Structure formats: C-alpha cells, structure tokens
Amino acid sequence: MKQIKIGSIGLGRLGLEHAKNIAGKIADAELYALCDMDEQKLHKAAQELRVEKTCTSFEELIAIKELDAIVIVSPSALHCKHISEALRAGKHVFCEKPLGTSLEECTLAEKAVEAHPDKVFMLGFMRRFDESYMYAKQKIAAGEIGRPVLFRSYSQDPIKCIDGAIAFAPHSGGEFYDMSSHDIDLARWMLESEPESVYAIGGCYAYPEFAKYEDGDNVSCLMKFKNEAMAFLFAGRTAPHGYNVETEIIGTKATLRIASVPQKNLVEILDTHGVRKECSENFQERFSSAYVNEVQEFVRCIIENRKPNVSVYDGTAISIIAGKCTESFKTGKLVTF
C-alpha cells in the first residue's frame, strides 16, 4: 500500500506532538517534510525524527511535489489562509482547531474546501476520538440516559503553562476560541443541536496581562440550545493541580461523567500527604491516544477516498459560537444567535 507523504507546519507543543505521531505511530503514513520559522527548532526536530526535507515558509512546504497531505498546526489566525493555499496546491489537509477566528476567515476556508471536493479536509477536534468520549456518545445515541438535559464541561490548563498562554494571547482569538472550542464541539456533538443564546462572564483573576486583549484567565458561559438543553462551559488557565478536562451529561434517565476526578492513571499514592492521585501534566499526555486516532482517521480517509465526520462546516459553527461567547464576555450581555 502506498505511504501517504505528509508535510507538517508548526513545531509548538502540539505541532511537535503531531510530528512525532506521524513519524512513528500512524500506519501508512510518512513524515516527509517539516516547516517552522524557528530554524533551530526546525533542524532539531528534523534530526530527531529523521526528516530530510525542511523549510521555513509555508509556500516552500506546499511546493514540494512529493507531498500528498499537509498537517497545519500554525497560529490560529493563519489557519484559513494555509488551508486555502494547501488545497489550491493539490494537497489533502488536516488542520488543528479553531478553523478561524472570524466568520470571514471561516467562509474563506469553506469556499476552498468546496472548490476541491476531491481532497480530504479534516479538523482536529481530538476529543471525538478519545475512547471515553466515544463510549459516552454511544450511550447517548442508544438512549440510555434518556433526553439530555445539561452538558457541563471544564477545561483547565496548569498554571505552570501560563507563560505560554500569555505569549499566545495576541493571536489566540481569546479563551473561548483557544480553549472552549473543544467543549463547544462536544456540546454540539453530544446534544445534537445548536445554541440559540449565550451569557458569558469571567475576568483576569490572577494575570492582568490578558486584559489588554479583552481576554481573561478564567471564563465561563451558559448556553441554551434549540432543543432546550442547557450547556455550562468553564475554561481556566490557572489550575494548580495540573491539566484537567472533565465533562458531565445529565439526562432524564441517567448521568454520564467523564474524568470527573482528573488523574494521570489508576495509581494511588499513599505518603506523608495522605492518599492521592496524580494529574495529567498537559493535553498531550491526557489525549495522547486521541491525537493518534484522529490523524490515523485522516490518513484512512485519504486511502479509502471518503470524507471524515468532522467537516469545515463544524469548524465554522464552532467559531461562530466561540465568537458569540466572546461578544457576551466583552459586553456583559446575553447574546442570541
């Protein structure tokens, strides 16, 4: 079977994770080229992963004729531009979330995808490929919890990563784009509906650096969906205990909870501090298998000539919702869709 040759742009925390996965864990795929503006980081990663072709501009990357596909892990504000250019160059495209940080950007990406129906396009909402979330989705689809009433999701980054969050703030789009987009995607996926109103609050409780970007270090919102279900989302950047993602879906017959107690594994430590469980250190660790599963699905879609379940239109919908959450957060008002 032909190996799908992949070029990847962006070698930040997640970009490097994807590159490592493609190089060693994705069947029928080859990490053929790497791209990053930081030449030192680029050559270090290329040497470690044994990648011969490197470049410092996206134009160079998509010009490599041997490449079948591009994995985009560049800054959020560049996603839609890179999507359009890669598709125009005849490449299949996998792009990390969010699709874009404005409706105009998302429309650009939609038109590019529509103009190249022979190419596979997939967005990286990896929680859909986490075994626990997939299992919960099956339970909901089977009617085992009855009618879903409330979706609650927390996403908290460890406070030790705050310097990276501050550095990323100028082009992140804000916390609802940067962190809550995964929770928004899960809410739409599990409730099988779209929101009709949102009220968001939050602030800079520990790090005033975010205020100049009209952003916060901890934010939340309450949404009402068209099927009358409720959703409460919380995103925080100051968790002292580690990386923490937990989700609850309350139905009329039962409740599902995923990772209600954040933990690295099933080990309990008994020491002078008492009985405790360690937390995951970061998102790469917590969702390590999900990141592999989603790119593996992308490669299978190329080989089998089919489209993935996560579409460009999902990306637009999530970006619109994140934008409405941000609007409500900035104005302090209830916002309708």
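Counting from 1, residues in each chain are numbered in the order their sequence is written. In keeping with the predicted nature of the model, local features appear solely for residues at pLDDT of at least 70, side-chain atom pairs appear and are counted solely at 80 or more, and the whole-chain, interface and lining totals rest on all residues. Side-chain numbers here rest on the full set of heavy atoms in the structure, without hydrogens or water.

For the protein chain, an unreviewed UniProt entry supplies the name Oxidoreductase, NAD-binding domain protein and the organism Treponema phagedenis. Under the heading Sequence similarities (unreviewed entry), UniProt records this for the protein chain: "Belongs to the Gfo/Idh/MocA family." UniProt positions are given in the numbering used here, feature names are shortened, and annotations may be inferred rather than shown by experiment.

**Q** How would you explain the packing of helix H1 (residues 13-24) against helix H2 (residues 39-49) if you had to name every residue and give the values?
**A** Close contact between H1 and H2 brings their axes to 11 Å; oriented N to C, the two are set at 25°. Judged by the inter-axis angle, H1 sits roughly parallel to H2. Between H1 and H2 lies a crossing whose hand is right-handed. Taking contact as the criterion, the partners of Leu16, Ala19, Lys20 and Ala23 in H1 are, on H2, Ala45, Glu48 and Leu49. Interaxial angle, 0 to 180 degrees, is taken between N-to-C directions of lines fitted to C-alpha atoms, where a helix line uses only the stretch in contact. Under the scheme used here, helices are H or I runs from DSSP no shorter than 4 residues and strands are E runs no shorter than 2 residues, and both carry numbers assigned from the N terminus. Each angle receives one of four descriptions, namely roughly parallel if under 35 degrees, roughly antiparallel if over 145, roughly perpendicular if within 65 to 115, and oblique otherwise. Handedness of a crossing is defined here by the sense of rotation of the near helix relative to the far one, left-handed for an anticlockwise turn of less than a right angle and right-handed for a clockwise turn. Contacts are assigned to residue pairs that have any heavy atoms within 4.5 Å of one another.

**Q** Got a sec to walk through the sheet that holds strand S5 (residues 92-96)? Specific residues and values, please.
**A** In short, DSSP must find at least two bridges between two strands for them to pair. Across the sheet, six strands lie side by side as S3-S2-S1-S4-S5-S6; this open sheet has parallel pairing. Among the strands making up the open sheet, the edge pair consists of strand S3 (53-55) and strand S6 (121-124). Neighbouring strand axes in the sheet, compared pairwise and without regard to direction, differ in orientation by 25° on average. Sheet topology places strand S1 (residues 4-9) next to strand S2 (residues 29-35); six bridges connect them, and they run parallel. Bridge pairing links Lys5 to Glu30 in S2.

**Q** I'd like to hear about the pairing of strand S4 (residues 69-72), residue by residue, with values.
**A** The rule is simple: take the accessible area with a 1.4 Å probe, protein chains only, and divide by the maximum for that residue type; under 20% is buried, over 50% is exposed, in between is partly exposed. Here S4 shows no split at all, with Ala69 and Val71 on one side and Ile70 and Ile72 on the other all buried. Pairing analysis gives four bridges linking S1 to S4, with the strands arranged parallel. Pairing of Gly7 across the sheet is with Ile70, part of S4. Alignment of S4 against S5, held across four bridges, turns out to be parallel. Paired with Val71 across the bridge in S5 is Phe94. Think of it like this: strands point away, you trace from the first strand over the helix to the second, and a clockwise trace means the crossover is right-handed. With respect to chirality, the unit in which S4 leads through helix H4 (residues 79-88) into the neighbouring parallel S5 is right-handed.

**Q** Go over unusual backbone geometry with me, naming the residues and quoting the values.
**A** A negative phi angle is the norm for most residues apart from glycine, just as the trans form is the norm for most peptide bonds. Note the cis peptide between Lys97 and Pro98, where omega equals -10°. Examined against the element boundaries, Pro98 turns out to sit in the loop between S5 and helix H5 (103-115). In this model, Ala259 sits at a positive phi of 55°, which is unusual for a non-glycine residue. With respect to the helices, strands and loops of the structure, Ala259 is situated in the loop between strand S12 (255-258) and strand S13 (269-271). Given the relative accessible area of 27%, Ala259 is considered partly exposed. Backbone geometry at Asn305 places phi at a positive 55°, although glycine is not the residue there. Relative to the helices and strands, Asn305 resides in the loop between helix H11 (288-304) and helix H12 (312-331).

**Q** Give a detailed account of the UniProt feature "domain: GFO/IDH/MocA-like oxidoreductase" (unreviewed entry) in the protein chain, specifying residues and quantitative values.
**A** When the UniProt feature table is mapped to this numbering, "domain: GFO/IDH/MocA-like oxidoreductase" (unreviewed entry) covers residues 133-257. Secondary structure across residues 133-257 divides into 25% helix and 39% strand, with the first and last C-alpha atoms of the span separated by 10 Å.

**Q** Hey, could you go over the layout of surface pockets for me, with residue numbers and the actual values?
**A** Here a cavity denotes a set of grid points, spaced 1 Å apart and computed over the protein atoms alone, in which a 1.4 Å probe fits but from which it cannot get out, and a pocket denotes an open set meeting protein on both sides within 12 Å along at least five of seven lines; residues with an atom within 4 Å of a point are reported as lining. Grid points are joined across faces, edges and corners, and a volume is the space filled by probe spheres set on the points. Size it by volume and the largest pocket reaches roughly 1,100 Å³. Along the walls of the largest pocket sit 45 residues, with Gly12, Val73, Ser74, Pro75 and Phe168 positioned nearest its centre. Elements with a contribution of two residues or more to the lining of the largest pocket: H1, helix H3 (58-62), H4, strand S7 (148-158) and helix H7 (162-168). Residue classes follow a fixed rule: Ala, Val, Leu, Ile, Met, Phe, Trp, Tyr, Cys and Pro count as nonpolar, while Asp, Glu, Lys and Arg count as charged, and any other residue, Gly among them, counts as polar. When grouped by side-chain class, the residues that make up the lining of the largest pocket number 19 nonpolar, 14 polar and twelve charged. When residues of the lining of the largest pocket are sorted by domain, at least three fall in each of domain 1 (4-119) and domain 2 (128-288 + 318-336). Roughly 190 Å³ of volume is contained in the second largest pocket. Gln263, Lys264, Asn265, Ser280 and Arg286 are the residues nearest the centre of the second largest pocket, which is lined by 13 residues in total. Listing elements by their share of the lining of the second largest pocket, those giving two or more residues are strand S11 (244-251) and helix H10 (283-286). Considering only residue class, the lining of the second largest pocket consists of six nonpolar, four polar and three charged. Note that the domain bounds reflect an automated or database-derived domain assignment.

**Q** Lay out the UniProt feature "domain: Gfo/Idh/MocA-like oxidoreductase N-terminal" (unreviewed entry) in the protein chain with the relevant residues and their values.
**A** Listed under "domain: Gfo/Idh/MocA-like oxidoreductase N-terminal" (unreviewed entry) in the UniProt record, and renumbered for this structure, are residues 4-120. Taken as a whole, residues 4-120 contains 44% helix and 21% strand, while its terminal C-alpha atoms sit 12 Å from one another.

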